[in-house]
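# Remarks on the overall topology
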Amino acid sequence: MRRFTLALLVSLLLVQSDAGAFCGFFVSKADTKLFNKASQVVIARSGKRTVMTLANDYQGDPAEFAMVIPVPTFIEEGQIHVGDPQVLAHLDAYTSPRLVEYHDPDPCVRAQYRQDILGAMKSAREDASRSRPQVSGEGLGVSIEASYNVGEYEILILSAKESDGLEVWLRKNGYRVPRGASQVLEGYLKQDMRFFVAKVNLKEHARQGSANLRPLQIAFESPKFMLPIRLGMLNANGPQELFVYTLTQKGRVETANYKTTKLPSGVEIPTFVKDEFGEFYRAMFDEQVRQEKMSSVFLEYAWDMGWCDPCAADPLSNEELRSLGVFWLPGGQQFRGGAAPVYVTRMHVRYDEEHFPADLVFQETGDRSNFQGRYVMRQPFAGELTCNADRYAEQVRERQEREVEMLAKLTAWEEDRIRKKVKWFRALSPNPWWEKIWN
Amino acid sequence: MANRNDPRIFQIGVLSLLLGYGVLFLDFEVEALRAAATLVSALVTQYCGSRLTRQRFDPRSALISGLSLSLLMRTDQFWLAPAGAALAIASKFVLRIRGKHLFNPTCFALVALMGMSDRVWVSAGQWGSTALFAFAVAGLGFFVTQRAARSDVTWAFLGFYTSAVIGRSIWLGEPLGVPLHGLVSGALLIFAFFMISDPKTIPDARPARVLFAGLVAATALWIQFGLYHPNALLWALAACAPAVPLLDRIFPARRYQWRALQQNPKGENHATLHPSAAGVAAARAE
């Protein structure tokens, strides 16, 4: 509770230095669906205990689908589950970059303005309290069958001996193994990693009736806090997109062997972006990747799971978190407001072999400060002005200029094209006094 | 008297440069106020320590520790930064064996705080792995370590560590890009040139220094690839520090003093080691 209150205090302090920029409401979010070939991985970890949820956007024929997954330890049947894609979608929505909208008050009503601020502060407090997690009835949705069939997947856990001849085995069983795979597999085997193969149980998949494959979950215990990406790069056709969400106890997670860069945030951009927020997010990410020479992992969200402000979606319920592997949460009991024992970090990386030669290694830091990708849109006052508002109009024009420059800088879009889309502010002058005489 | 050729002056310059670069170009979240608090805390602790042990106050080593801590230590609690600096400097006065302090002050503070608190961490990856930056650090580091006449420990450490990392990758069948990515890491080079090379906390004799470098490299590799623990270099240096008095006993040599290097008639650099009373007193203070 204290952390929550403190954070709220901080946001109120900021308000005073930058009035107008605190009380907005969330209008749009940009989720991971915008990126092609995007994989999503959730890692819930405390101590050495790790639960990984792997989801990919495989669109092809399920009969063709097979995934070779390296894991740091030997895995038994019970350690593999099938997750609920809805929970992952919820986590994606909760951590997405967000666009918030603010409306300028009538510059002609100063007293009213002050009242608005007070009212807005009150509503911000209410908003924040509303953003507490709500209990959701979503369950884990796990069904494990005896014959190593987990949900729609047929899991083939390979013992160390079989893994040794893994490439041969895969070829014999009709899998197309990319060139160079055996070298990578050999390296992983020497590091005591194990493998399992997941392919689709067609009968079960048809019975599920869902077009997409559900995420696979693996629970294991290992000191290695890493994500093997090298195998996936072998048959990659161009750079790949990866979203890594971590759910930890202490604080923010970062890559220990690559630079982690925060996505630009808190900046004001032109109001037309509301209609093309997805394109904006994609263009901005492209540009940030270019500026960092594709050598950085980007931090998109880092927050205590207990709350959010503004919320792109409600925080995940305890039940949802447990289904993602947050085993340290007490079942049934819901934390209410305040700090949760779960801290979520969302990282986004575009990688290829040239820029990311080594697997991603993570470390958990003690950082519990909040970060979100938040983009601010300020709508000029749209009503009729009953006073001389030249000064206000001038300020708005200057602000719009700054917004154009910022947008161009963030996205590398051409300034001229942005200018054409901007609805430049023109003060509505009061109606001539004589208009109302005879009407 | 501060001498213009004192290697510490160069090290202070280089560390300030790195701090500026990190803050301006690498998104280091180091607030100016926090860096200032760290430096002031280091200086005040040094001053108090000097007064208590009746030694002359010399701000140079304290500045180096303060700058290194600002460069490496990350925390979201403001007060932990100056506390770390005080801990670093205090360790010099308290943890001594045979008149020589045991731990590199910065390394000790980082390891102690990471061990004791959840709120302190080191972001090794934040330096990135760009060849250009690596060369710049190596060049500046070379410049400083040459002046301190202790570059042997740096080269020995880099030699052991690099060959082991590359050897491991060859054994694993990894392409060369994998070990190289780890080796051009800014964090590794800063450690090699600005931390393990600290003349006051490494053995006095050259063979002992080479042995020490090997010991630190082996420990770091075990922590990194055996225990999979982050910040292996720092933990390894701290863990190996108690071996220094032992190595000094086996390989006795003259104690290092912070003195300017002079050139001998052959044009080679060498440390001037005149054990004068004032020099010994000054050495004790650092």
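### Digging into the packing of helix 5 (residues 105–116) of chain B against helix 11 (residues 232–240) of chain B
Residues and elements named next belong to chain B.
- Two numbers describe how helix 5 lies on helix 11: the axes approach to 9 Å, and their chain directions differ by 110°. By the angle between their directions, the pair helix 5 and helix 11 is classed as roughly perpendicular. In this structure, helix 5 uses Cys107, Leu110, Val111, Met114 and Gly115 to contact helix 11, whose residues at the interface are Leu234, Trp235, Leu237 and Ala238.
- The residue makeup of the contact of helix 5 with helix 11, split by class, is 8 nonpolar, 1 polar and no charged.

### Concerning the state of the cysteines
- Under the counting rule described, the total for this entry stands at 1 disulfide over all chains.
- A sulfur-sulfur separation of 2.0 Å characterises the disulfide bridge that pairs Cys308 of chain A with Cys311 of chain A. Residues Cys308 of chain A and Cys311 of chain A are joined through a disulfide that is right-handed, its torsion about the S-S bond being 100°.
- Cys107 of chain B takes part in no disulfide bond, and the closest cysteine sulfur to it belongs to Cys240 of chain B, at a distance of 9.8 Å.

### Observations concerning the sheet that holds strand 8 (residues 153–157) of chain A
Residue and element names in this part refer to chain A.
- Strand order in the open sheet made by the 4 strands is 4-9-8-7, with antiparallel pairing throughout. Both outer strands of the open sheet, strand 4 (66–71) and strand 7 (149–150), are each paired with one neighbouring strand and no more.
- Note: strand 4 against strand 9 (residues 194–200), 6 bridges, orientation antiparallel. Note that in strand 9 the partner of Met67 across the bridge is Ala198.

### Remarks on the side chain of Ser222 of chain A
- Here Ser222 of chain A shows up in the loop between strand 10 (216–221) and strand 11 (226–227).
- Not counting residues within four places of it along the chain, the set of residues in contact with Ser222 of chain A comprises Arg45, Lys48, Thr50, Pro72 and Thr73 of chain A.

### A few points about the pattern of salt bridges
All names here are of chain A.
- Here the structure, examined in full by the defined rule, presents 28 salt bridges over all chains.
- One salt bridge in this structure joins Arg419 and Glu401, with 3.0 Å as the shortest N-O distance. Here Arg419 is found in helix 12 (residues 415–421), whereas its partner Glu401 is found in helix 11 (residues 390–411), with 18 residues between them in sequence.
- On the basis of relative accessibility, which here comes to 25%, the residue Arg419 falls in the partly exposed class.

### Comments concerning the confidence of the model for chain A
Residues and elements named next belong to chain A.
- Residues with a pLDDT of 70 or more make up 76% of chain A, whose mean pLDDT is 77.
- Below a pLDDT of 50 lies the segment residues 1–27, which in the model reaches 45 contacts outside its immediate sequence neighbourhood of four places, other chains included.
- Low pLDDT (under 50) marks residues 111–147, which in the prediction has 67 contacts with non-local residues, meaning those over four places away or in another chain.

### Examining the pairing of strand 9 of chain A
Residues and elements named next belong to chain A.
- In terms of residue burial, strand 9 counts as a mostly covered element, since 5 of its 7 residues are buried.
- In terms of strand pairing, strand 8 meets strand 9 through 5 bridges, oriented antiparallel. Looking across to strand 9, one finds that Leu156 is bridged to Val197.

### A word on the packing of helix 7 (residues 151–172) of chain B against helix 9 (residues 186–194) of chain B
All names here are of chain B.
- Axis separation between helix 7 and helix 9 bottoms out at 8 Å; the angle between their running directions is 145°. The element helix 7 and its partner helix 9 pack so that their crossing is right-handed. Two secondary-structure elements touch here, helix 7 through Thr154, Trp155, Phe157, Leu158 and Tyr161 and helix 9 through Leu188, Leu189, Phe191, Ala192 and Phe193.
- Of the residues in the contact of helix 7 with helix 9, the class split is 9 nonpolar, 1 polar and no charged.

### Topic: helix 1 (residues 7–25) of chain B
- With 19 residues, helix 1 of chain B should reach 27 Å at 1.5 Å per residue; the first-to-last C-alpha distance of 26 Å fits that figure.
- Residues of helix 1 of chain B that are buried: Pro7, Arg8, Gln11, Ile12, Val14, Leu15, Leu18, Leu19 and Gly22 of chain B.

### What about the interface of chain A and chain B?
- Contacts between the two partners involve 28 residues from chain A, matched on the other side by 28 residues from chain B.
- Summed over both partners, the interface of chain A with chain B buries about 2300 Å², with 49% contributed by carbon and sulfur atoms.
- On the chain A side of the contact with chain B, Lys190, Lys259 and Gln363 of chain A bury the most area, a combined 23% of that side's loss.
- Remark: the boundary between chain A and chain B carries 1 salt bridge.
- For the pair chain A and chain B, the number of links is 13 residue pairs in polar contact (both at pLDDT 80 or more).
- Elements with a minimum of two residues in the side of chain A that touches chain B: helix 6 (181–190), strand 13 (253–255) and strand 14 (259–262) of chain A.
- Taken together, the residues of the side of chain A that touches chain B sort by class into 5 nonpolar, 11 polar and 12 charged.

Basis of the calculations
Counting starts from 1 at the beginning of each chain's written sequence and moves along it residue by residue. Lettering for chains starts from A, numbering for ligands starts from 1, and both go in the order in which the items are written. Selection of residues for local features in this predicted model requires a pLDDT of at least 70, selection of side-chain atom pairs for listing and counting requires 80 or more, and totals for whole chains, interfaces and linings are taken over all residues. Processing note: side-chain calculations cover all non-hydrogen atoms of the structure and skip hydrogens and water entirely. Where helices are involved, their axes are fitted lines through C-alpha atoms of the stretch in contact, as for all axes, and angles between N-to-C directions lie from 0 to 180°. Here a helix means four or more residues in a row that DSSP labels H or I, a strand means two or more in a row labelled E, and each is numbered from the N terminus. Each angle gets one of four labels, with under 35 degrees taken as roughly parallel, over 145 as roughly antiparallel, 65 to 115 as roughly perpendicular, and the rest as oblique. Contact definition: two residues touch when any of their heavy atoms are within 4.5 Å. In this count, Pro and Cys sit with the nonpolar residues alongside Ala, Val, Leu, Ile, Met, Phe, Trp and Tyr, while Asp, Glu, Lys and Arg are called charged and the others, Gly among them, polar. What counts as a disulfide here is a pair of cysteine sulfur atoms lying within 2.5 Å. Note: two strands are recorded as paired if DSSP finds a minimum of 2 bridges between them. Here, a salt bridge means any side-chain nitrogen of Lys or Arg that lies within 4 Å of a carboxyl oxygen of Asp or Glu. The classification of residues rests on relative accessible area computed with a 1.4 Å probe and restricted to protein chains. Under 20% of the type maximum is buried, over 50% is exposed, and intermediate values are partly exposed. Per-residue confidence from the prediction method is given by pLDDT, with values spanning 0 to 100. Each crossing gets its hand from how the near helix is turned against the far one by less than a right angle, where anticlockwise is left-handed and clockwise is right-handed. What a helix should span is 1.5 Å times the count of its residues minus one. Each of two parts loses accessible area, computed with a 1.4 Å probe, when they are put together; buried area is these two losses added. Between N or O atoms, a polar contact is any pair within 3.5 Å; within protein, one atom must be a potential hydrogen donor and the other a potential acceptor, and residues adjacent in sequence are included only when both atoms are from side chains.

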